[in-house]
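Examination of the molecular architecture
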Amino acid sequence: KRVAIFISGGGSNMVTLVDSMTGDHPARPVLVLSNRADAGGLRKAAERGVPTAVVDHRPFGGDRTAFEEALQEALAPHEPDILCLAGFMRVLTAGFVTPWEGRMLNIHPSLLPKYRGLNTHARAIEAGDTEAGCTVHEVTPELDDGPILGQARVPILPGESAEALAARVLEMEHRLYPAVLRRFAAGDRTRVDLP
Ligand code: GRF
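Please read these numbers as outputs of a predicted model, since none were measured by experiment.

In this structure the tally under the stated criterion is 12 salt bridges. Notably, a salt bridge pairs Asp-56 with Arg-58, separated by 2.7 Å at the nearest N-O pair. Note on Arg-58: relative accessible area 63%, which makes it exposed. The shortest N-O distance in the salt bridge between Asp-193 and Arg-191 comes to 2.7 Å. With a relative accessible area of 37%, Arg-191 lands in the partly exposed category.

Let us now look at the UniProt feature "site: Raises pKa of active site His" (unreviewed entry) in the protein chain. According to UniProt, the "site: Raises pKa of active site His" (unreviewed entry) feature falls on Asp-144. Counting through the fold element by element, Asp-144 comes out in the loop between strand E6 (131-138) and strand E7 (148-155). The class for Asp-144 is buried, based on a relative accessible area of 9%.

The next subject is the sheet that holds strand E2 (residues 28-34). Strand order across the open sheet formed by eight strands is E3-E2-E1-E4-E5-E6-E7-E8, with mixed pairing between neighbours. Looking at which strands have only one partner, the edges of the open sheet turn out to be strand E3 (52-54) and strand E8 (192-194). If you compare each strand with its neighbour and ignore which way they point, the axes differ by 15° on average. Here E6 runs beside E7; their pairing, made up of seven bridges, is antiparallel. Among the inter-strand pairings, Cys-134 is bridged to a residue of E7, identified as Ala-152. Across the face of the sheet, helix H1 (residues 12-20) comes into contact with strand E1 (2-7), E2, strand E4 (82-85) and strand E5 (104-108) while running at roughly 165° to E1. Lying on the sheet, helix H3 (residues 64-75) is in contact with E1, E2, E3 and E4; it crosses E2 at an angle near 150°.

Rules of the game
- Residues numbered from 1 in each chain as written.
- Predicted model: local features only at pLDDT ≥ 70, side-chain atom pairs only at ≥ 80, totals over all residues.
- Heavy atoms only, no water.
- Salt bridge = Lys/Arg side-chain N within 4 Å of Asp/Glu carboxyl O.
- Buried < 20%, exposed > 50% of the residue type's maximum accessible area, 1.4 Å probe, protein only.
- UniProt positions renumbered as here; feature names shortened; annotations may be inferred.
- Helix = DSSP H or I, 4+ residues; strand = E, 2+ residues; numbered from the N terminus.
- Pairing = 2+ DSSP bridges.
- Axes fitted to C-alpha atoms, helices over the stretch in contact; angles between N-to-C directions.
- Contact = heavy atoms within 4.5 Å.

Spelled out as structure tokens, the structure:
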């Protein structure tokens, strides 16, 4: 299977995905695409020999359809079978997502269905939750809402900051996403639950 990965920043999830696709793994990375030219993940992808592309969303202003047409044009030559969003910070419309449904994954830093959207760790702490975590799900047009393929749970330590929690959740993201992708690329949608 040919995997394209979308990033917007450091790409730590992308790195763990790329580094996991070796040996008898059923997938290989064919493209890392960023909506920002200054994304640190682009260099990490290039260092790993993965082709990269940048489609900056800003020239398109509010025209999401035109931006998404540019995304599709950047993807097409690489003929990806699977699309992984990994720290990608642009909302994609149904026009882009629907043709990819069933072949597109995202990782979200909360235990969905709790805390869709942003600032998930601060919200969990604020709510007095005792645990947080991350979720890999299939992408559907509804934001952070598709079928869940895996979750990892992390205890919230008393008094810890959102930044400290985010760092511990990110460690679990780096374990969860590769585990889910390996199954998904082999056609296995059995949930992964960590720890
Ligand atoms: C992190 O906040 C992570 O929780 C979320 O995307 C952000 C950046 O991740 N999935 P990455 O280091 O760019 O993969």
